[in-house]
Amino acid sequence: MGGEINFIETETCLRTGTGMQCEALEQRSKATGSNRNGKKVFSQQQLRANALLSSSGYLKDKTGISLITENMASITASSALVNVVDGAELCLVRLLDESAAPGSIRPTFVQDCEACIAHSDASQLLKTIVSDQGAIAALVSLDEEAISAISLLAACLDRVEDSSAVILNNLADSIIAISTATGASSKAISLLATLYNMRSDPTEKVGLLVKMIRLAVESGDVLESENSVLGKWMDPAQVETMLNEWNVEPTGRRELYQVAAQSSQKSPAATQQFTLLVVETYSKSDVDAAGLEAAKQAAIGAIRDPVTLFAQQRKILSLPAIQALEKSDAPLFALLKVLQEGKLEDYNSYIKSNGGDSVLAQWQLSAEDCSRNMRILSLCSLAADHEEIPYSVVAETLQADAGDVEKWVIAAVSSGLLSAKMDQLQQKVMVERSVVRKFDMDQWKALQSRLHLWKQNVGGILEAYKQSLNK
């Protein structure tokens, strides 16, 4: 699976390749007795000296900070690489019992787990551990053993056939609940990242990502922060590419996009991109109240800034959830359509027919910004149809003074939507390239006409070349 989480400042876990260390632990257990009455069978140092599992290169976090690899190349899930040594589960159970706060773990915990291990019942073993808050608290409190312990639980999940998703969800929720109560959110994110790495099912991985993002935000972290655990990789384009590689259905992506949009409020561009991705997950048949709200926010974002994300927003009018706004919020849909396809005269007509600039206040939009953006977009529309534009035509289209023409050309070029030069002597704008805001039958006909002219010109050049060869 793509999107593997790597840990920085890593070291490999203990790798024995055999069960010798856990066998030694078992022999010592038989010689000294089990921890039944709160008496420590092994010291913490002895327990740490014994490997919980052999992981053949699995990486252990030392800092609690984890990052997604930049290339997100498709790889095999890490759980496939784990080689669990004999007796590892029993070592883990006793470690949790040893590390738990006095009286926090039920008296029969070790016995119950041993019975599950004896019957090779991985499902019941996991349920027994997850259902005991004292055991989960002990897991979260572990230092260097935490990643190895959670890795072993993830490996046990691979032996569960029917209810692995439910158990995984309960395990993750238990870790989050305990860590939130104890202020160990960074530790919890590290543990969840390990689970994420070791699961291969896309639905499970998406669910874990959602939990990690929410936990990061609740703990005061934000996606766009330079020091954020998740902000390093939460790029909308990368996330979409990753989910495409996993073949995740649109409805399966929605919650991840929603939480990402909610978590990136300090970055308007990222918020808008994730909101657009949320809107894209809706079809005509499933646009609900949440879908309409997402569409409304996406529409407002596209009106507020139609330039920065021009490429991402150019198909916004074709989205079913956006089209549904025509019935639920007609004024907003009409304004969006003007910003996407209309010109300055259309914008002014809309403002006049809807009571003036005050109509924008309900969506917290700036009249000055909207007017400026419409002038830039109107100039781009004009440039898309002409190679040379007299200053007078530009001034008329933008309803601006002739002296302001160059200012608007520079603004359009700076936006990246237009590439042009100005001939001040001839008072003309020489267009090199411009975005096309609307591409329908008229644009197809114009393209056909240009291609036909190009064909004639090339034919003329070839004919002149042939004649020159015959002389």
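Just so it is clear, the structure is predicted and the values come from calculations on it, not from any experiment.

## Structural notes on the pattern of salt bridges
- Under the counting rule described, the total for this entry stands at 12 salt bridges.
- Note that Glu114 is salt-bridged to Arg94, the shortest N-O span being 3.2 Å. Here Glu114 is found in helix H4 (residues 109-118), whereas its partner Arg94 is found in helix H3 (residues 88-99), with 20 residues between them in sequence.
- Relative accessible area serves as the criterion here: at 23%, Glu114 is assigned to the partly exposed category.
- Of the charged contacts in the structure, one is a salt bridge between Glu432 and Lys421, with a shortest N-O distance of 3.6 Å. Separated by 11 residues along the polypeptide, Glu432 in strand S7 (residues 428-434) and Lys421 in strand S6 (residues 418-423) bring together distant segments of the chain.
- On the basis of relative accessible area, Lys421 is assigned to the exposed category, the value being 55%.
- If you follow the salt bridges from partner to partner, you end up with Arg106, Asp112 and Asp132 in one network.

## Overview of the confidence of the model for the protein
- Per-chain confidence: the protein averages 81 in pLDDT, with 77% of residues scoring 70 or above.
- Low pLDDT, under 50, characterises residues 6-84; the predicted model gives this stretch 178 contacts beyond four residues in sequence or across chains.

## Thoughts on the packing of aromatic side chains
- What the rule picks out here adds up to 1 aromatic pair.
- Aromatic side chains Tyr196 and Trp246 sit 6.4 Å apart centroid to centroid with 50 degrees between the ring planes, which places their arrangement in the tilted category. Of this pair, Tyr196 sits in helix H9 (residues 185-198) while Trp246 sits in the loop between helix H11 (236-245) and helix H12 (250-262); the two residues are 50 residues apart in sequence, bridging distant segments of the chain. Trp246 shares its class with Tyr196; the two are buried.
- Its end group placed over the ring of Tyr196, Lys205 keeps NZ or CZ at 4.0 Å from the ring centre.
- Over the aromatic face of Tyr282 sits the side chain of Arg254, whose NZ or CZ is 3.7 Å from the ring centroid.

About the thresholds
- Residues numbered from 1 in each chain as written.
- Predicted model: local features only at pLDDT ≥ 70, side-chain atom pairs only at ≥ 80, totals over all residues.
- Heavy atoms only, no water.
- Salt bridge = Lys/Arg side-chain N within 4 Å of Asp/Glu carboxyl O.
- Helix = DSSP H or I, 4+ residues; strand = E, 2+ residues; numbered from the N terminus.
- Buried < 20%, exposed > 50% of the residue type's maximum accessible area, 1.4 Å probe, protein only.
- pLDDT = per-residue confidence, 0-100.
- Contact = heavy atoms within 4.5 Å.
- Phe/Tyr/Trp six-rings, centres within 6.5 Å; stacked < 30°, edge-to-face > 60°.
- Lys NZ or Arg CZ within 6 Å of the ring centre and 35° of its normal.

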